[in-house]
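# Survey of secondary and tertiary structure
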Amino acid sequence: MTITLKPRFKNSDRGQLVALVLLTLTWLAAAVIGAVLAIFSPLVFDGAGNLRNPLAWLGFVLGALFWVVCVLSPLVGWIQWRKGRRTETWAAMAAPVAWGAATLTVLQLLPTR
């Protein structure tokens, strides 16, 4: 007879559902901020030579599409939740964090003059 250890903490579906609702509301609020970022994203080309800088174009695309990721992430997350795929649900809900980190990293590297 084998003895297995029981996990101390087990995520209940109800707890995960509450976290999913809170993250959905958070990402929808971040989508509003992302829409403002999208309006101002062409300003990355203000620096001299940035129009030919591939990093500036990457920053432009990442900044302009952040709100799209914030809207689509909860949608994909809820679809995966309904299919019973919990890991894919949380991966989809983490996409705006990764996208935002990439956006901030690229925008920090752009020359200002």
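Look up a bit, the structure's there.
Read on for an overview of the structure. This one's a predicted model, so the numbers in the text were calculated from it and none came from an experiment.

### With respect to the overall build of the protein
- Counting its secondary structure elements, the protein contains five helices and zero strands.
- A globule of 113 residues ought to have a C-alpha radius of gyration of about 13 Å, yet the protein, at 19 Å, is considerably larger.
- Viewed in the frame of its principal axes, the protein has a C-alpha envelope of about 70 × 30 × 20 Å.
- A burial count over the protein gives 30% of its 113 residues as buried.
- Considering only contacts within the protein whose residues lie at least 6 apart along the sequence, 73% involve residues at least 24 apart.

### Comments concerning the packing of helix α3 (residues 66-82) against helix α4 (residues 86-93)
- Following both chains from N to C, one finds α3 and α4 inclined at 175°, their axes separated by 8 Å at the closest point. With respect to each other, α3 and α4 are oriented roughly antiparallel. Taking contact as the criterion, the partners of S73, P74, V76, G77, Q80 and W81 in α3 are, on α4, R86, E88, T89, A92 and M93.
- In terms of residue class, the contact of α3 with α4 is built from five nonpolar, four polar and two charged.

### Thoughts on the packing of helix α1 (residues 13-40) against α3
- The contact between α1 and α3 brings their axes to 6 Å, and the two run at 160°. Considering the angle they form, α1 stands roughly antiparallel to α3. For the crossing formed where α1 meets α3, the hand is left-handed.

### Considerations on helix α5 (residues 95-108)
- Helix length check: α5 (14 residues) gives 20 Å between terminal C-alpha atoms against 20 Å at 1.5 Å per residue, within 8%.
- All buried positions along α5 are accounted for by P96, G100, T103 and V106. Buried residues of α5 fall within an arc of 135° about the axis and therefore sit on the same side. Among the exposed residues of α5, those oriented more than 90 degrees off its buried face are A98 and Q108.
- Elements in contact with the buried residues of α5: α1, α2 (54-64), α3 and α4.

### Things to note about α1
- Taking 1.5 Å as the rise per residue, α1 with 28 residues should run 40 Å; its terminal C-alpha atoms sit 40 Å apart, in good agreement.
- Restricting attention to buried positions, one finds in α1 the residues Q16, L20, T24, W27, A30, A31 and G34.
- Elements in contact with the buried residues of α1: α2, α3, α4 and α5.

### Comments concerning the nonpolar core
- Grouped together as the largest cluster of nonpolar side chains are eight residues: L20, W27, A30, A31, F66, C70, W81 and M93.
- Ranked by residues supplied to this core, first place goes to α1 with four residues.
- Excluding residues that lie within four positions of it along the chain, F66 makes contacts with A30, G34, L37, P96, W99 and G100.

Rules of the game
- Residues numbered from 1 in each chain as written.
- Predicted model: local features only at pLDDT ≥ 70, side-chain atom pairs only at ≥ 80, totals over all residues.
- Heavy atoms only, no water.
- Helix = DSSP H or I, 4+ residues; strand = E, 2+ residues; numbered from the N terminus.
- Rg over C-alpha atoms; globule rule 2.2 N^0.38 Å.
- Buried < 20%, exposed > 50% of the residue type's maximum accessible area, 1.4 Å probe, protein only.
- Contact = heavy atoms within 4.5 Å.
- Axes fitted to C-alpha atoms, helices over the stretch in contact; angles between N-to-C directions.
- Parallel < 35°, antiparallel > 145°, perpendicular 65-115°, else oblique.
- Nonpolar A, V, L, I, M, F, W, Y, C, P; charged D, E, K, R; others polar.
- Left-handed = near helix turned anticlockwise from the far one by under 90°.
- Expected span 1.5 Å × (residues − 1).
- Arc of directions from axis to C-beta.
- Core = buried A, V, L, I, M, F, W, Y, C linked by side-chain atoms within 4.5 Å.

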